[in-house]
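# Observations on the three-dimensional arrangement
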Amino acid sequence: LSLHDALPISAKCGTANLVAGGLLILGWYVLTALAIQVPFTGKLTFTFYQVLGLLNSSNLLEAMDRNAASGAGIYGLLALLALAAPFVHLVWKDKRAVLGGLVPLIFMLIVWIMIGHGMHSAFGGPGAGPESELGRQAEQEAMSAISWGFGAYLSFLASIYFAATAVKRFLQFRAADTAIPATSSRATA
């Protein structure tokens, strides 16, 4: 692909959208999204894609402990669809297609909620008795050892950009749709 061939892509997609898409790819597949400080071992780091692999594993804590490189499975496919969603309005001319820009942010939020729930469940979840108090303490210690990486912040900012531009475009389309009938009814009166 030469620079001359890339110009129409940039003009059609928008340079800002291409940059945001590139930053989202960088944040999801290259940069650290999650870091866990483990005693005696050091720090385990995971990209967002590796976090999807943890989510796909049957036991979240065992996968973290082994730093297993399991496949992301269906979550990896959903991640690819979420990456493509902000650009779907280029091929699907429905006015609601611009709302595809919301998909990366929604996907990330769902993944982080599922990881939090998986961690909570791994430590015993809600329950009563002395075991649940130990589980609660272990969960609090584990959660304090977790920190967000630069990839998580970068991905979040890129998906906020996509979500904001999607809502802005959708509202512009709706305003244009409501303005046209109002002016045409004045013209006929």
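For the structure itself, look to the data block above.
Below, the structure is looked at part by part. (Residues numbered from 1 in each chain as written. Predicted model: local features only at pLDDT ≥ 70, side-chain atom pairs only at ≥ 80, totals over all residues. Heavy atoms only, no water.)

### Considering empty space enclosed by the protein
Any space left empty among the atoms is revealed by the rolling of a water-sized probe across them. In this structure the tally under the stated criterion is one cavity of 30 Å³ or more. For the largest cavity, the calculated volume is near 50 Å³. Counted by class, the lining of the largest cavity contains four nonpolar, four polar and one charged residues. (1 Å grid on protein atoms, 1.4 Å probe; cavity = no way out; pocket = protein on both sides within 12 Å on 5 of 7 lines; lining within 4 Å. Points joined across faces, edges and corners; volume = space filled by probe spheres on them. Nonpolar A, V, L, I, M, F, W, Y, C, P; charged D, E, K, R; others polar.)

### Focus on the packing of aromatic side chains
Summed over the entire model, instances satisfying the criterion amount to eight aromatic pairs. Taking the centre distance of 5.4 Å and the plane angle of 35° together, the rings of Y29 and Y49 count as tilted. Of this pair, Y29 sits in helix 2 (residues 15-29) while Y49 sits in helix 3 (residues 48-56), and the two are 20 residues apart along the sequence. The exposure class assigned to Y29 is partly exposed, which follows from its relative accessible area of 27%. Consider the rings of Y161 and F162, whose centres lie 5.8 Å apart with planes at 55°: the pair is tilted. Given a relative accessible area of 3%, F162 falls into the buried group. Linked through ring pairs, W28, F48, F107, W112 and W148 together constitute an aromatic cluster. (Phe/Tyr/Trp six-rings, centres within 6.5 Å; stacked < 30°, edge-to-face > 60°. Helix = DSSP H or I, 4+ residues; strand = E, 2+ residues; numbered from the N terminus. Buried < 20%, exposed > 50% of the residue type's maximum accessible area, 1.4 Å probe, protein only.)

### A short note on the sheet that holds strand 1 (residues 32-38)
Sheet strands pair via backbone hydrogen bonds, and the direction of the pair is either parallel or antiparallel. Taken in spatial order, the three strands of this open sheet run 2-1-3, and their pairing is antiparallel. Looking along the sheet, the strands with just one partner apiece sit at the ends: strand 2 (42-47) and strand 3 (146-148). Neighbour-to-neighbour, the strand axes of the sheet open up by a mean angle of 20°, direction not taken into account. Bridge analysis of strand 1 against strand 2 gives six bridges, and the strand direction is antiparallel. (Pairing = 2+ DSSP bridges. Axes fitted to C-alpha atoms, helices over the stretch in contact; angles between N-to-C directions.)

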